[in-house]
Amino acid sequence: MISPVYGGWFVLLYVGISFILYGVFRIILSFKWKKFNDRIRKEEEEGIIEPEVVE
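Residues numbered from 1 in each chain as written. Predicted model: local features only at pLDDT ≥ 70, side-chain atom pairs only at ≥ 80, totals over all residues. Heavy atoms only, no water.

Time to look at the overall build of the protein. For the protein, the count of helices and strands is 1 helix and 0 strands. Counting the 55 residues in the protein, one finds 0% classified as buried. Surface exposure of the protein reaches about 6000 Å², of which carbon and sulfur atoms provide 69%. (Helix = DSSP H or I, 4+ residues; strand = E, 2+ residues; numbered from the N terminus. Buried < 20%, exposed > 50% of the residue type's maximum accessible area, 1.4 Å probe, protein only. Areas by Shrake-Rupley, 256 points an atom, 1.4 Å probe, with all protein chains shown as cover.)

Printed below as a string of structure tokens:
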């Protein structure tokens, strides 16, 4: 009789840990993407020639 109760707790614990780890993964991935995007944006800005006003 006790075994199904432990099985239920195990499933809830497993699902909870999975959600927490998925959230951590998403946070880390967002920081990596931001760093990658900043690097690409910096490279694009270096290739742009600013217009000069000629009088």
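Next comes the rest of the write-up.
Scanning the model with the defined rule gives 1 salt bridge in all. Two residues, aspartate 38 and lysine 34, come together in a salt bridge whose shortest N-O distance is 3.4 Å. Residue aspartate 38 and its partner lysine 34 are both found in helix H1 (residues 2-47); the two are separated by 4 residues, about one turn of the helix. (Salt bridge = Lys/Arg side-chain N within 4 Å of Asp/Glu carboxyl O.)

A contiguous nonpolar surface patch, about 570 Å² in accessible area, is contributed by Phe10, Val11, Tyr14, Val15 and Phe19. Within the secondary structure, valine 15 sits in helix H1. The partly exposed category is assigned to valine 15, whose relative accessible area is 37%. (Patch = residues over 30% accessible without salt bridge, like charges linked within 9 Å, V, L, I, M, F, W, Y side chains within 5 Å.)

All chains considered together, the criterion is met by 3 aromatic pairs. With centroids separated by 6.3 Å and ring planes inclined at 25 degrees, the aromatic side chains of phenylalanine 10 and tyrosine 14 adopt a geometry described as stacked. Of the two residues, phenylalanine 10 and tyrosine 14 both sit in helix H1, 4 residues apart, roughly one turn of that helix. Like phenylalanine 10, the residue tyrosine 14 is exposed in the burial classification. When the ring of tryptophan 33 is compared with that of phenylalanine 36, the centres are 5.7 Å apart and the planes differ by 80 degrees; the resulting orientation is edge-to-face. Taken together, the residues span about one helical turn, with tryptophan 33 and phenylalanine 36 both in helix H1 at a distance of 3 residues. Overall, tryptophan 33 belongs to the exposed group, its relative accessible area being 52%. (Phe/Tyr/Trp six-rings, centres within 6.5 Å; stacked < 30°, edge-to-face > 60°.)

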